[in-house]
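Descriptive structure summary
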Amino acid sequence: MNPLLNVSQLTVRYRGSNGPITAVQDVSFSVYPNEIVGFVGESGSGKSTVAQAILRLHPSESVEVTGDVRFQDTNLLTVKAEALRQRRWTQIAMVSQSSMNALNPLRTIEQHFNDVWIAHPSQSPRDRHTRNVELLAMVNLDALVLQKYPHQLSGGMRQRIAIALAMMFHPPFMIMDEPTTALDVLVERDILARIQALQQDNHLSILFITHDLHVIFKLAHRLLIMYAGEIVESGPVADIQRCAYHPYSQGLRRSFLSIDMPRVRRQGIPGWSPDSKQQHSGCRFAPRCAYAQDQCLTVAPSFEWIDDAQTHGVRCHYWREIVPLILWSCVW
Ligand code: ATP
Ligand code: SF4
Ligand code: MG
């Protein structure tokens, strides 16, 4: 099967007055039709930077983006601005944590929907109201909501409206950047269930960004784990849930409790992520890694597939030596 999105060697540098900051370095991954790919990593690891680079949302005068971002055979980094504009919303939509706060307080929800139809006349249905009601039903909201103003709705309802707006043109691919982080746990659970149903009913592909591994284990099919601007492990969720190979992924797994995992003490990962201005000579995780050797301080590890089918990969010099040491914490 061909991927819908293929990101290759993506590097993003913010140009600052104190010199450039390389926020993302040589990131490569694919998203296939009809799958949710979870993108996880701690704050500042570069998740949103990757999402924005895919949609070319960065101002070119202050951000340098290199690499290749292919969406259905089109390189989004080089395609003309108008062709890219046409693909946004209709082919690729984005829902972010702040989407629910981007609604105009002076316009009703129905006016928000109609503004988007008016901006895309070729896609507008004859009976907009009926279509608006259908879109609301997709996110489990009543038609009465159309007459409300944003301030009359809860955060969870506004976030569902942001998702309904993103679904207007049935895009095959969506990027969701922490769409539930600002919501309480019960509302989050409800919205995640809705996202899962929408994905299955519409055969959507979703790149789902979060710092919460627990959410991703429930939602995603495959997982990308990011640390300090690099992907350090990727693979099927079931495999990583059973046994993570990279010491950072193992730390993430240990930092939350699950009834599916062996009884281990919940532990955070000691230390802090490197400052993004720092120059790296070796493994970026070395200062926090319990398994670090001399080589880790001077030689940057490359990304290696651990299986012949190239489904599960890891960026660590010593994963072969480490795996026997952590088998006790794996679920087979
Ligand atoms: P979070 O989980 O907090 O949303 P993230 O993984 O999405 O974090 P990014 O927002 O992509 O991380 O940031 C990656 C790095 O790039 C950080 O070190 C951040 O400080 C830096 N960065 C992000 N935006 C800018 C900007 N506009 N100018 C300069 N540096 C930036
Ligand atoms: Fe740890 Fe070395 Fe592997 Fe980096 S390369 S994760 S420092 S063992
Ligand atoms: Mg972010």
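Before reading on, note that the structure itself is shown above.
Keep in mind the model is a prediction, meaning the values are calculated, not measured. (Residues numbered from 1 in each chain as written. Chains lettered and ligands numbered in written order. Predicted model: local features only at pLDDT ≥ 70, side-chain atom pairs only at ≥ 80, totals over all residues. Heavy atoms only, no water.)

1. Examining the sheet that holds strand β4 (residues 63-71)
Basically, it comes down to this: Pairs of strands are assigned from DSSP output, requiring at least two bridges between the strands. For the purposes of this entry, the term helix denotes a DSSP run of H or I that reaches at least four residues, the term strand denotes a run of E that reaches at least two, and both are numbered from the N terminus. What makes two residues a contact is simply this: any of their non-hydrogen atoms within 4.5 Å. Axis definition: a line fitted to C-alpha atoms, over the contacting stretch in the case of helices. Angles run 0 to 180 degrees between N-to-C directions.
Spatially, the 4 strands line up as an open sheet ordered β2-β1-β4-β5, and their pairing is antiparallel. One side of each edge strand has no neighbouring strand; the edge strands of this open sheet are β2 (19-31) and β5 (74-75). By the bridge criterion, 2 bridges tie β4 to β5 in an arrangement that is antiparallel. By the bridge assignment for β5, Phe 71 is matched with Thr 74. Its contacts with the sheet place helix α1 (residues 47-54) against β1 (5-16), β2 and β4, and it is angled at close to 110 degrees to β1.

2. Brief notes about the pattern of salt bridges
Rule in force here: Here a salt bridge means any side-chain nitrogen of Lys or Arg lying within 4 Å of a carboxyl oxygen belonging to Asp or Glu. The classification of residues rests on relative accessible area computed with a 1.4 Å probe and restricted to protein chains. Under 20% of the type maximum is buried, over 50% is exposed, and intermediate values are partly exposed.
Evaluated as defined, the whole model comprises 12 salt bridges. The partner of Arg 70 in a salt bridge is Asp 68, and the shortest N-O contact between them spans 2.9 Å. Classification of Arg 70 by relative accessible area gives partly exposed; the value is 34%. Across the salt bridge formed by Glu 230 and Arg 284, the nearest N and O atoms sit 3.5 Å from each other. Of this pair, Glu 230 sits in strand β10 (residues 230-236) while Arg 284 is found in the loop between α9 (247-254) and α10 (294-298), placing the two residues 54 residues apart along the sequence. Here the residues in one salt-bridge network are Glu 230, Arg 284 and Arg 315, joined through shared partners.

3. What about helix α4 (residues 128-138)?
Worth spelling out the cut-off: This arc describes the spread of directions from the helix axis toward the C-beta atoms. Counted as a polar contact is a pair of N or O atoms within 3.5 Å, where, for protein atoms, one must be capable of donating a hydrogen and the other of accepting one, and residues adjacent in sequence contribute only when both atoms are in side chains.
Here α4 has its buried residues at Arg 131, Asn 132, Leu 135, Leu 136 and Met 138. Within α4, the buried residues cover an arc of 150 degrees as seen down the axis, which keeps them to one side. Residues of α4 that are buried make contact with α3 (109-119), α5 (155-166) and α6 (185-202). The opening residue of α4 is Asp 127, an N-cap whose side-chain oxygen sits 3.3 Å from the backbone nitrogen of His 129.

4. Regarding the site of ligand 1
The following threshold applies: Proximity is defined per residue: if any heavy atom of the residue lies within 4 Å of a molecule or strand, that residue is considered near it. All accessibility values rest on the Shrake-Rupley procedure with a 1.4 Å probe; residue burial counts only the protein chains present in the view.
The immediate surroundings of ligand 1 are formed by Tyr 14, Ala 23, Glu 42, Ser 43, Gly 44, Ser 45, Gly 46, Lys 47, Ser 48, Thr 49, Glu 178 and Ser 276. Contacts to ligand 1 include Gly 44, whose backbone N or O atom sits 2.8 Å from an oxygen atom. The separation between an oxygen atom of ligand 1 and a polar side-chain atom of Ser 48 is 2.9 Å. Computed on the free molecule, ligand 1 has an accessible area of 630 Å², of which 61% lies beneath the protein chains in the complex. Ranked by residue count, the leading element in the shell around ligand 1 is α1, at 3 residues.

5. Side note on the nonpolar core
Generally speaking, nonpolar side chains in soluble globular proteins are found buried as a group. So the rule is basically this: Only buried residues count toward a nonpolar core. Its members are Ala, Val, Leu, Ile, Met, Phe, Trp, Tyr and Cys residues joined through side-chain atoms within 4.5 Å.
One finds Phe 113, Ile 161, Ile 163, Met 174, Phe 208 and Leu 223 to be the most contacted residues of the largest nonpolar core, which totals 59 residues. Residue contributions to this core peak at 6 residues, all from α5. One finds Ala 23, Val 31, Ala 53 and Ile 209 within the second-largest nonpolar core, a separate group that totals 32 residues.

6. A short note on empty space enclosed by the protein
Selection criterion: The method works on a 1 Å grid over the protein atoms by themselves. A cavity is a set of points holding a 1.4 Å probe that cannot get out, a pocket is an open set with protein on both sides within 12 Å along at least five of seven lines, and residues with an atom within 4 Å of a point line them. Grid points are joined across faces, edges and corners, and a volume is the space filled by probe spheres set on the points. Residues are sorted three ways: Asp, Glu, Lys and Arg are charged, Ala, Val, Leu, Ile, Met, Phe, Trp, Tyr, Cys and Pro are nonpolar, and all the rest, Gly among them, are polar.
Under the criterion given, the structure shown has 2 cavities of 30 Å³ or more. Looking at the largest cavity, its volume works out to about 90 Å³. What lines the largest cavity is a set of 14 residues, among which Cys 283, Cys 289, Cys 296, Cys 316 and His 317 lie closest to the centre. Looking at the lining of the largest cavity, its residues break down into 11 nonpolar, 2 polar and 1 charged. Lining the second largest cavity we find Tyr 227, Glu 230, Val 232, His 246, Cys 283, Arg 284, Phe 285, Pro 301 and Arg 315. Looking at side-chain class alone, the lining of the second largest cavity contains 5 nonpolar, 1 polar and 3 charged residues.

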